[in-house]
Amino acid sequence: MIQLSRGLSVALLSTALCAAPAFAARPSDAQIDQLMQSMNYERMKGEMLKQMREPAEMMAMAEAGDGLDDKQREALARSLARQMSMVEEMLDWKAVAPIYRKVYGETFDAAEVQALIDFYGSPAGRSIMEKMPLAMGRTMQELQPLMKTMFERMQRELRNEVKDIVDGDDKAAPAPPSPPQPATGG
């Protein structure tokens, strides 16, 4: 009886293992590196830096105020250039490769990474990668008025709620506001 039971257990275990889906292989570091190369990481990094530079300049000028002379403006420009250089160094492939390898390796399997490599290596994939920074930049521009309105409303409501809390008003917090509706038309 024990012999039959052990044989049945082995047969059931074998069947279960064969029926279980095969685990997908983790992509190799070389595959992930190849994917980033096919996605043109260096160009993406350049686009990110370019998109960061203008807001950083505007923030620096706003912080400094209007009373800067030419010498002070040049010093501010040098300071900003140093900071942007630090960001560029931080985004260097050698610095970020371990992060991309970890995240992409934990997110995608080897077959998926290969499919992405094949896609981004194709004419359509390269065209999409060329257009993606423009689409993202334009999306951010279009979202700015919506975000500004939302942050102003949040600030107003938070200010009122803090005042109520400080003044000892124990009324129940209002329901969260509905999100602002996107502007229509063009």
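The rules we used
Residues numbered from 1 in each chain as written. Predicted model: local features only at pLDDT ≥ 70, side-chain atom pairs only at ≥ 80, totals over all residues. Heavy atoms only, no water. Helix = DSSP H or I, 4+ residues; strand = E, 2+ residues; numbered from the N terminus. Polar contact = N/O pair within 3.5 Å; in protein donor to acceptor, adjacent residues only side chain to side chain. Contact = heavy atoms within 4.5 Å. Core = buried A, V, L, I, M, F, W, Y, C linked by side-chain atoms within 4.5 Å. Buried < 20%, exposed > 50% of the residue type's maximum accessible area, 1.4 Å probe, protein only. Patch = residues over 30% accessible without salt bridge, like charges linked within 9 Å, V, L, I, M, F, W, Y side chains within 5 Å. Areas by Shrake-Rupley, 256 points an atom, 1.4 Å probe, with all protein chains shown as cover. Salt bridge = Lys/Arg side-chain N within 4 Å of Asp/Glu carboxyl O. Phe/Tyr/Trp six-rings, centres within 6.5 Å; stacked < 30°, edge-to-face > 60°.

A. Region of interest: the side chain of S38. Structurally, S38 can be placed in helix 2 (residues 29–38). Reaching out from S38, the side chain makes a polar contact with the backbone oxygen of L35 at a distance of 2.8 Å. Setting aside residues no more than four positions away along its own chain, S38 makes contact with I117 and Y120.

B. Quick peek at the nonpolar core. With 19 residues, the main nonpolar core has L35, M36, M39, Y41, L91, W93 and Y104 as its most contacted residues. Elements that contribute at least two residues to this core include exactly helix 2, helix 3 (41–64), helix 4 (70–90), helix 5 (93–107) and helix 6 (110–121). Ranked by residue count, the leading element in this core is helix 5, at four residues. With residues near it in sequence (within four places) discarded, W93 still touches D33, M36, Y41, E42, Y100 and R101.

C. Structural detail: a nonpolar patch on the surface. There is a patch of nonpolar side chains on the surface, built from M140, L143, M147, F151 and M154 and spanning about 460 Å² of accessible area. Of note, L143 is situated in helix 7 (residues 123–166). The class of L143 is partly exposed, set by a relative accessible area of 32%.

D. Local environment of the packing of aromatic side chains. Applying the stated criterion across every chain yields a total of six aromatic pairs. Here the aromatic residues Y41, W93, Y100, Y104 and F108 are joined through ring pairs into a cluster of three or more.

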